[in-house]
Amino acid sequence: MYRAEPDADLEFSFPKELVCDELDRQGVKLPVQMKFVDLVIERDEDILLVEIKDPSNKQVPDAERASYFKRLSDNSILTQELTPKARGSYTFLHLMERDAKLFKYVVLLGLDAFNPADQRALLTGFKDRLLADIRCETDTPWRRQHIADCVVLSVDIWNKTFADWPVTRVSAAAANGEAAA
């Protein structure tokens, strides 16, 4: 079982044989002013940079959830958080000589606290905007495409895409357990 933070509401079940590394670890010396994704998953054909954002965590205050929704809507989450994490993670792995495979960026957004229409509106074109921002952060696009592709997933879509690596919402599982008791 994996949680990005001790109070995270999303819990992942990864098989033991999965090559998975927590990149954004607390209490470990990391380069100053670099931002990192939560997980690096190495598969035979590629390396997945996985970032987990969960504004639907029950512990997130409503005002913070509304602010996060606004930052998703105005794309500031792309330029200020997601793109720098992709760049920083790639740079770190490149300098550590761990870049022999294609990199793909996977962003998991826990949006289930928002209504389905708002979720669709947020996610429409989000992947394309993210990839465009990753590839061209300055006046001139990067000459090297360090991220081959990206995907932005909800919890439901994650579970369909990565059926062998299911994610569950801890608070919902606990509530279902209490309801069954």
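Scroll up a little and you will see the structure.
Residues numbered from 1 in each chain as written. Predicted model: local features only at pLDDT ≥ 70, side-chain atom pairs only at ≥ 80, totals over all residues. Heavy atoms only, no water.

**Q** Explain the packing of helix α2 (residues 76-95) against helix α4 (residues 126-135) here, please?
**A** In a packed pair of helices, the relevant descriptors are the angle between the two axes and the axis-to-axis distance. As a packed pair, α2 and α4 sit with axes 10 Å apart at the nearest point and diverge in direction by 65 degrees. Here α2 and α4 pass one another in a crossing that is right-handed. Along the contact surface, α2 presents I77, L78, T79, L82, T83 and A86, while α4 presents F126, R129, L130, D133 and I134. A class-by-class count of the residues in the contact of α2 with α4 yields seven nonpolar, two polar and two charged. (Axes fitted to C-alpha atoms, helices over the stretch in contact; angles between N-to-C directions. Helix = DSSP H or I, 4+ residues; strand = E, 2+ residues; numbered from the N terminus. Left-handed = near helix turned anticlockwise from the far one by under 90°. Contact = heavy atoms within 4.5 Å. Nonpolar A, V, L, I, M, F, W, Y, C, P; charged D, E, K, R; others polar.)

**Q** Looking at this structure, how should I read the packing of helix α1 (residues 62-73) against α2?
**A** At their nearest, the axes of α1 and α2 sit 5 Å apart, and the two run at 100 degrees to each other. Here α1 lies roughly perpendicular to α2, going by the angle between them. Contact residues: Y68, R71 and L72 in α1; S76, I77 and E81 in α2. When its residues are assigned to classes, the contact of α1 with α2 shows three nonpolar, one polar and two charged. (Parallel < 35°, antiparallel > 145°, perpendicular 65-115°, else oblique.)

**Q** Help me understand the side chain of E81, please; the structure alone is not making it clear to me.
**A** Looking at the secondary structure, you find E81 in helix α2. The buried category is assigned to E81, whose relative accessible area is 16%. Aside from chain neighbours lying at most four places away, what touches E81 is K53, R71 and S76. (Buried < 20%, exposed > 50% of the residue type's maximum accessible area, 1.4 Å probe, protein only.)

**Q** Where do I start with helix α3 (residues 116-123) in this structure?
**A** Given 3.6 residues per turn, any residue in an α-helix points the same way as the ones three and four places further on. With a side-chain oxygen positioned 3.0 Å from the backbone nitrogen of A117, the residue opening α3 is N115. Backbone geometry just after α3 places G125 at a positive phi near 75 degrees. (Polar contact = N/O pair within 3.5 Å; in protein donor to acceptor, adjacent residues only side chain to side chain.)

**Q** For this particular structure, what's the right way to read the environment of V152?
**A** In this structure, V152 sits in strand β6 (residues 149-153). Along the backbone, V152 and L111 are 41 residues apart, and their C-alpha atoms lie at a distance of 11 Å. Those residues in contact with V152 that sit more than four places away from it in its chain are V107, L109, L123, F126, K127 and L130.

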